[in-house]
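Here is how the chains run, residue by residue.
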Amino acid sequence: MNTPRARQTMGSMLGLTRPGFRFAVASVVVVYVAVGLTLPPLELGPIGETAAIVGSIGLATSLWLAARGDADPIGLRPALVAVILGVASAAAVWWSIPAGPGNWVRPSAPFIAYTIAMALVAVRGRIRLAWCGFVLVAAVAAVSATAFGWTVGTSSQVVVRMLLSLVPVTLMMIYVRPLLEFARVLDRREVEAVATEAAQAATLQQRRRQLADLDREVRPILEAVAAGEDISAATADQARLLEYALRDGVRGGGWISPEVRAAVAGARGRGLQVQLFDDRAVGAGTVDMTLLRGELIRVLGAADCGQVTARLLPEGRDGVAVISEMRDASVRRERWRTGVGGALVAANDGGAPSV
């Protein structure tokens, strides 16, 4: 049974595959650019402007890497690139901003975008890498307070904001992800239970149809016997064929199909003796029964007298099936084996003398 619930992944359970999530991540980049355009322009110089532009592109790339795909956990390589590229890009943007009391808000913008990227990395199963990103941000803040000329208050607010964002995300994932995984296991078990129930219902329905067919064929014979009527030769032959058909279902269940039943009934009606055996253990490996049944139907259709015996062999025997045709004083056997690639091949014994 293959349903959408059966294919549900951790990413879909967390909502990471929804179009709304992709739109929200794209909106972060749009808002970041919009804020940069609305703030008063700065005299950055060619090198500063290049660093700001390249850094902004790197932040967008880091966000994209953290949000793309639905693998769980996120791949190690894209997560590492998102962590390293994002912090380097945020640091480049911060470096391009002139230090001063009037620009204390600007350093927060790139690190807010980077914090969102690290939150996504944590949500997607790489919590340790997300905290590695926090350590790198703390290092960048320390450098900014010592080398960039920023005050400790401005540098510390970047670190505190990222810390306050990562702590709840980490705690939530520590508790939520095991619950979601358990829910996914329950979902798979539910699907398996529904499939088993459907198979059992189909089996019961098939048995009811078989019992109804048997009742329709056997009831008139039993009623005639109970009434003391004479049983004609045709009725006796019909009862004998019904008995053989029931035995086929018990002893040779692996051979049975509507086409095989019809071919066996036609062969017995022409006077042939037909025996079907399934000697395999319960739960044995599967065999291409379509090919074997087709060959049995062909043999039954070509035979006009004698006896046909079809047997499915147990494991450990030389072959998987044998179809024997006995006619007059000769026996012709077809022994089927598993060949290269799992395909069935037949070895014909020819017309060996009967013993």
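About the criteria used
- Residues numbered from 1 in each chain as written.
- Predicted model: local features only at pLDDT ≥ 70, side-chain atom pairs only at ≥ 80, totals over all residues.
- Heavy atoms only, no water.
- Salt bridge = Lys/Arg side-chain N within 4 Å of Asp/Glu carboxyl O.
- Buried < 20%, exposed > 50% of the residue type's maximum accessible area, 1.4 Å probe, protein only.
- 1 Å grid on protein atoms, 1.4 Å probe; cavity = no way out; pocket = protein on both sides within 12 Å on 5 of 7 lines; lining within 4 Å.
- Points joined across faces, edges and corners; volume = space filled by probe spheres on them.
- Helix = DSSP H or I, 4+ residues; strand = E, 2+ residues; numbered from the N terminus.
- Patch = residues over 30% accessible without salt bridge, like charges linked within 9 Å, V, L, I, M, F, W, Y side chains within 5 Å.
- Areas by Shrake-Rupley, 256 points an atom, 1.4 Å probe, with all protein chains shown as cover.
- Core = buried A, V, L, I, M, F, W, Y, C linked by side-chain atoms within 4.5 Å.
- Contact = heavy atoms within 4.5 Å.
- Expected span 1.5 Å × (residues − 1).
- Axes fitted to C-alpha atoms, helices over the stretch in contact; angles between N-to-C directions.
- Parallel < 35°, antiparallel > 145°, perpendicular 65-115°, else oblique.
- Left-handed = near helix turned anticlockwise from the far one by under 90°.

**What to know about the pattern of salt bridges**
Then, number 1: On inspection of all chains with the given rule, the structure shows eight salt bridges.
Then, number 2: Of the charged contacts, one joins Glu325 and Arg327 as a salt bridge, the two residues approaching to 2.9 Å between their closest N and O atoms.
Then, number 3: Exposure remark for Glu325: the relative accessible area of 12% places this residue in the buried category.
Then, number 4: The exposure class of Arg327 is partly exposed, given its relative accessible area of 31%.
Then, number 5: Connected through shared salt-bridge partners, Glu295, Arg298, Arg332 and Glu334 make up one network.

**Digging into empty space enclosed by the protein**
Empty space among the atoms becomes visible once a probe the size of a water molecule is rolled across them.
Then, number 1: Counted under the stated rule, the structure contains one cavity of 30 Å³ or more.
Then, number 2: Here the largest cavity is characterised by a volume of approximately 40 Å³.
Then, number 3: If you go around the largest cavity, the residues you meet are Val28, Val29, Tyr32, Ser56, Leu59, Ala60, Leu63 and Ala113.
Then, number 4: When residues of the lining of the largest cavity are traced back to their parent elements, those giving at least two are α2 (19-38) and α3 (45-67).
Then, number 5: Tallying contributions element by element places α3 first for the lining of the largest cavity, with four residues.

**Thoughts on a nonpolar patch on the surface**
Then, number 1: On the surface, Leu163, Val167, Leu171, Ile174 and Tyr175 cluster together to form a nonpolar patch covering roughly 460 Å² of accessible area.
Then, number 2: With respect to the helices and strands, Tyr175 occurs in helix α7 (residues 152-226).

**Here's the deal with the nonpolar core**
Then, number 1: One finds Tyr114 and Met118 to be the most contacted residues of the largest nonpolar core, which totals 40 residues.
Then, number 2: Looking at this core, the elements with two or more residues in it are α2, α3, α4 (76-96), α5 (108-123), α6 (127-148) and α7.
Then, number 3: Sorting elements by how many residues they give to this core places α5 first, with nine residues.
Then, number 4: Sequence-distant contacts of Met118, that is, excluding residues within four places in its chain, are made with Ala82, Val83, Leu129, Ala130, Gly133, Met162 and Leu166.
Then, number 5: Counting 23 residues, the second-largest nonpolar core is a separate cluster that includes Val264, Leu292, Leu300 and Val308.

**A few points about α4**
Then, number 1: Spanning 21 residues, α4 covers 30 Å between terminal C-alpha atoms, matching the ideal 30 Å at 1.5 Å per step.
Then, number 2: Along α4, the residues classified as buried are Pro78, Ala79, Ala82, Val83, Gly86, Val87, Ser89, Ala90, Ala91, Val93, Trp94 and Ser96.

**As for the packing of α4 against α6**
Then, number 1: Between α4 and α6, the least distance of the axes is 10 Å, while the angle of their chain directions is 20°. Relative to α6, the element α4 lies roughly parallel. Crossing of α4 against α6: the hand is right-handed. On the side of α4, the interface is formed by Leu76, Ala79, Leu80, Val83, Val87, Ala91, Trp94 and Trp95, while α6 contributes Leu129, Gly133, Leu136, Val137, Val140, Ala141, Ser144 and Phe148.

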